[in-house]
Amino acid sequence: MTGTTHLPIRLRDTDRHALTQHFLALDADDRRLRFGASIADDGIRALDERIDFERDEIFGIAGDDLRLLAVVHVAFYPTKAELGLSVLPEARGRGFGNALFSRAVMHLTNRGVREVFVHCLNENGAMMHLAHKNGMRVVREGSEADAYLELPRATPGSVLSEWVWDQNARFAHDVRRGTRAVLDALVAIRPRPAR
Ligand SMILES: CC(C)(COP(=O)(O)OP(=O)(O)OC[C@H]1O[C@@H](n2cnc3c(N)ncnc32)[C@H](O)[C@@H]1OP(=O)(O)O)[C@@H](O)C(=O)NCCC(=O)NCCS
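Residues numbered from 1 in each chain as written. Predicted model: local features only at pLDDT ≥ 70, side-chain atom pairs only at ≥ 80, totals over all residues. Heavy atoms only, no water.

Caption draft 1: How the structure looks around the overall build of the protein. Helices and strands together make up the secondary structure of the protein, namely six helices and seven strands. Helices (α) and strands (β) of the protein occur, in sequence order from the N terminus, as β-α-α-α-β-β-β-α-β-α-β-β-α. The globule rule puts the C-alpha radius of gyration for 195 residues at 16 Å, and the 18 Å found for the protein is close to it. With the C-alpha coordinates aligned to their principal axes, the bounding extent of the protein is approximately 65 × 45 × 30 Å. Relative to its full complement of 195 residues, the protein shows a buried share of 41%. Residue pairs in contact within the protein that sit at least 24 positions apart in sequence constitute 62% of those at least 6 positions apart. Total accessible area on the protein stands at roughly 11,200 Å², and carbon and sulfur atoms take up 55% of it. Computing the positive centroid from 27 side-chain charges and the negative centroid from 27, the protein places the two 5 Å apart. (Helix = DSSP H or I, 4+ residues; strand = E, 2+ residues; numbered from the N terminus. Rg over C-alpha atoms; globule rule 2.2 N^0.38 Å. Buried < 20%, exposed > 50% of the residue type's maximum accessible area, 1.4 Å probe, protein only. Contact = heavy atoms within 4.5 Å. Areas by Shrake-Rupley, 256 points an atom, 1.4 Å probe, with all protein chains shown as cover. Lys, Arg positive; Asp, Glu negative; His and termini not counted. Charge placed at Lys NZ, Arg CZ, Asp CG, Glu CD.)

Listed below in structure tokens is the structure:
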């Protein structure tokens, strides 16, 4: 489980630079697991430029230094949605992947999407584990797999629950951002030792 201070927040166009930095921090192997190919840095930058924050939805979990530790990209298709997850190596095993998955599912449920899937490689033990843990139906084909989950219908409770989540997450993030700004200001005004 993530702590209450590390909740997924909805990213906006102004977070594009942080998003690019997040993907650039993934090594070649992680990029292959995430995107299906070991995309070079230029390719990552081009990919990020193409992300449409109006059409897609992106949630992220930031660390105390405001770096994006974990991201889920939600891409919409006519009758379903696809999730792409990535967590930086140093932040793995802390429940961030699962928290992002749950946040994306909550979002999709409340928007009337009835099915979500994740495309991954069979060798991806962590993703396969998350898929089974969340009751997904895994369809394997060769070295690749698609994991599907049927989503429930939205209820007033699920809509309220998402609203409360968003408020908590945004509040925690603003507190972290404020703390960071104060710390940076203190460092800036710290007297420098005389030479
Ligand atoms: C897949 C990924 C998002 C998981 O992120 P995470 O934050 O570590 O996920 P969580 O901490 O919520 O859960 C990971 C679970 O997988 C388990 N796990 C980790 N590595 C595993 C492996 N090789 N085999 C089986 N299970 C594994 C962990 O024990 C944990 O299980 P638990 O929650 O039951 O204790 C992360 O590993 C990642 O970014 N990988 C590279 C990109 C990628 O593969 N994306 C998915 C395809 S889109």
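Caption draft 2: Region of the structure containing the packing of helix α4 (residues 96–110) against helix α6 (residues 156–189). One way to put it is that α4 packs onto α6 with a least axis distance of 10 Å and a crossing angle of 135°. Taken together, the axes of α4 and α6 lie oblique to each other. Like other packed secondary-structure pairs, α4 and α6 cross with a definite hand, here left-handed. Contacts between α4 and α6 pair Arg 103, Met 106, His 107 and Asn 110 from the former with Ser 158, Val 159, Ser 161, Glu 162, Trp 165 and Asp 166 from the latter. When its residues are assigned to classes, the contact of α4 with α6 shows three nonpolar, four polar and three charged. (Axes fitted to C-alpha atoms, helices over the stretch in contact; angles between N-to-C directions. Parallel < 35°, antiparallel > 145°, perpendicular 65-115°, else oblique. Left-handed = near helix turned anticlockwise from the far one by under 90°. Nonpolar A, V, L, I, M, F, W, Y, C, P; charged D, E, K, R; others polar.)

Caption draft 3: Inspection of the sheet that holds strand β1 (residues 9–10) at higher detail. The mixed open sheet is built from seven strands, whose spatial order is β1-β2-β3-β4-β5-β7-β6. Across the chains shown, the open sheet's two edge strands, defined by having one partner strand only, are β1 and β6 (137–141). Pairing of β1 with strand β2 (residues 57–62) involves two bridges; the strand directions are antiparallel. Considered in β2, the bridge of Ile 9 is made with Gly 60. Running over the sheet, helix α1 (residues 16–24) touches β2, β3 (68–76) and β4 (81–87) and is turned about 105° from β3. (Pairing = 2+ DSSP bridges.)

Caption draft 4: Quick peek at the site of the ligand. Every one of the 21 residues lining the ligand counts as a neighbour, but Leu 85, Val 87, Asn 124, His 129 and Lys 133 are closest to it. Contact between the ligand and Leu 85: a nitrogen atom at 2.8 Å from a main-chain N or O atom of the residue. Here the ligand has 970 Å² of accessible area as a free molecule, and 72% of this is covered by the chains. With six residues, helix α5 (residues 125–133) is the largest single contributor of residues to the shell around the ligand. Here the residues of the shell around the ligand are counted per class, giving seven nonpolar, nine polar and five charged. (Near = heavy atom within 4 Å. Polar contact = N/O pair within 3.5 Å; in protein donor to acceptor, adjacent residues only side chain to side chain.)

Caption draft 5: Focus on the pairing of strand β7 (residues 144–150). Where burial is concerned, most of β7 is hidden: five out of the seven residues are buried. Here strand β5 (residues 115–121) pairs with β7 via seven bridges, running antiparallel. Looking at the pairing, Leu 121 lines up with Glu 144 of β7. For β6 and β7, the ladder comprises five bridges, and the chain directions are antiparallel. Bridge assignment links Glu 141 to a residue of β7, and that residue is Glu 144.

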